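What the coordinates show
Spelled out, the chains give:
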Amino acid sequence: MKSRSQDQSLSDSRELDRSYDPLTGNPPSKPIKKTIKQRLLKLLPCYPSASSASSNQSKSTASRLSPSRRAGNTSEDAEPSTVSYRPEGLDRLVQRTDFSKKELQVLYRGFKNECPSGVVNEETFKSIYGQFFPQGDSSMYAHFLFDAFDTNNIGSVSFEDFVVSLSVILRGSIADKLNWAFNLYDLNKDGCITREEMTDIMHSIYDMMGRCTYPDMTDTAPKEHVDSFFQKMDRNNDGVVTVDEFLETCQKDENIMQSMRMFDSVI
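The paragraphs below set out a description of the structure included in this document.

Rules used in this analysis
Residue indices begin from 1 for each chain and proceed along its sequence in written order. In keeping with the predicted nature of the model, local features appear solely for residues at pLDDT of at least 70, side-chain atom pairs appear and are counted solely at 80 or more, and the whole-chain, interface and lining totals rest on all residues. Values reported for side chains reflect all heavy atoms of the structure, with hydrogen atoms and water molecules removed beforehand. Think of it this way: any DSSP run of H or I at least four residues long counts as a helix, any run of E at least two long counts as a strand, and we number them from the N terminus. In the analysis that follows, any N or O atom pair within 3.5 Å is treated as a polar contact, provided that within protein one partner can donate a hydrogen and the other can accept it, and provided that, for residues neighboring in sequence, both atoms belong to side chains. Throughout, a residue-residue contact means that at least one pair of heavy atoms, one from each residue, lies within 4.5 Å. A pair of Phe, Tyr and Trp rings is counted when the ring centres sit within 6.5 Å of each other, with Trp represented by its six-membered ring. The angle between the planes then sorts it: under 30 degrees is stacked, over 60 is edge-to-face, the rest tilted. Each residue gets one of three labels from its accessible area relative to the maximum for its type: buried under 20%, exposed over 50%, partly exposed in between, using a 1.4 Å probe on protein chains only. Our definition puts a charge over a ring when NZ of Lys or CZ of Arg is within 6 Å of the ring centre and also within 35 degrees of the ring normal. Salt bridges are defined by distance alone: a side-chain nitrogen of Lys or Arg within 4 Å of a carboxyl oxygen of Asp or Glu.

A word on the environment of aspartate 238
Mapped onto the elements, aspartate 238 comes out in the loop between helix H13 (221-233) and strand S4 (240-242). Taking C-alpha positions, aspartate 238 is 9.9 Å from threonine 194, a pair spaced 44 residues apart along the chain. For aspartate 238, the side chain forms a polar contact with the main-chain nitrogen of valine 240, separated by 3.2 Å.

Considerations on the environment of isoleucine 256
With respect to the element layout, isoleucine 256 can be found in helix H15 (residues 254-261). As for isoleucine 256 and leucine 178, which are separated by 78 residues in sequence, their C-alpha atoms are 9.6 Å apart. Apart from the residues lying within four places of it in its own chain, the contact partners of isoleucine 256 are Leu178, Met233 and Cys250.

Quick word on the packing of aromatic side chains
What the rule picks out here adds up to 13 aromatic pairs. With a centroid separation of 5.5 Å and an interplanar angle of 70°, the aromatic rings of phenylalanine 229 and phenylalanine 230 are classed as edge-to-face. For the pair formed by phenylalanine 229 and phenylalanine 230, the shared burial category is buried. Here a set of aromatic residues connected by ring pairs shows up, and it is made of Tyr108, Phe111, Phe125, Tyr129, Phe133, Tyr141, Phe146, Phe149, Phe159, Phe162 and Trp180. Note that arginine 195 overlies the ring of phenylalanine 230, its terminal NZ or CZ placed 4.7 Å from the centroid.

Observations regarding the pattern of salt bridges
By the definition in use, this model includes 9 salt bridges. One salt bridge connects aspartate 91 with lysine 101, and the closest N-O pair in it is separated by 2.9 Å. In this pair, aspartate 91 sits in helix H6 (residues 90-96) while lysine 101 sits in helix H7 (residues 101-114), placing the two residues 10 residues apart along the sequence. Lysine 126 is the salt-bridge partner of glutamate 123, the closest N and O atoms lying 3.9 Å from each other. In this pair, glutamate 123 and lysine 126 both sit in helix H8 (residues 122-130), 3 residues apart, roughly one turn of the helix. Of the residues examined, lysine 126 reaches a relative accessible area of 22% and is grouped as partly exposed. It is possible to trace a salt-bridge network through shared partners that takes in Glu122, Glu123 and Lys126.

See below:
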């Protein structure tokens with residue numbers, strides 16, 4: 001017999017993805033149309049596209065089965081279990097983010113469709129991120145980006161991890177967005193950005209862009225950008241950039257402020 005907490009978790013998950021009408025208990029009468037919100041979820045698929053998924057169906061089905069289902073049923077026709085990881089309730093996610101209930105439902109429906117297991121790992125994240133930059137190698141930058149989303153440092157990103165960070169990037173204040181960017185650049189999370197860390201970031205960005213850029217990049221371009229970054233940000237010339245230095249400098253730079261505002265109307 002399911003416990004009360006399990007029943008509540010299932011109810012929250014169904015309400016979140018709108019797989020039933022909370023008033024009638026029936027499926028919604030009309031399917032939700034795809035929107036830009038769902039397209040954003042293409043950044044985090046757990047499985048390959050439909051064209052390649054069919055060839056790997058048996059493997060992916062086995063991987064999605066819960067341990068108890070794998071132990072108790074070895075039939076090739078065994079059906080996959082329901083989502084193994086259930087997110088927080090809808091009301092709590094509304095409190096933790098700047099998204100409405102409807103926006104969270106659409107985001108979760110897309111996330112669950114792409115990630116039946118409820119989480120995405122780093123290799124899958126790298127694979128899909130690389131599709132947006134076919135002219136270069138985005139694996140290292142995707143690694144840094146994944147670490148920024150993986151706030152619990154467990155090697156996987158849940159829906160909560162994804163939507164909380166997305167809320168900061170798209171709906172957060174300027175200070176929130178800049179703090180998130182600082183955390184991305186602070187690779188070892190010690191509270192400051194070193195020249196080595198920024199060099200790694202810049203090389204990963206240039207690797208991702210590839211050679212097909214205009215104007216053409218030079219081999220010294222990453223170092224020149226790092227030098228420019230520290231000349232502007234390192235106010236006391238101690239060789240590191242603190243979060244206070246980062247925030248103060250960025251907030252005085254109109255170009256940076258404009259780039260921060262670009263995300264305000266994305267979703």
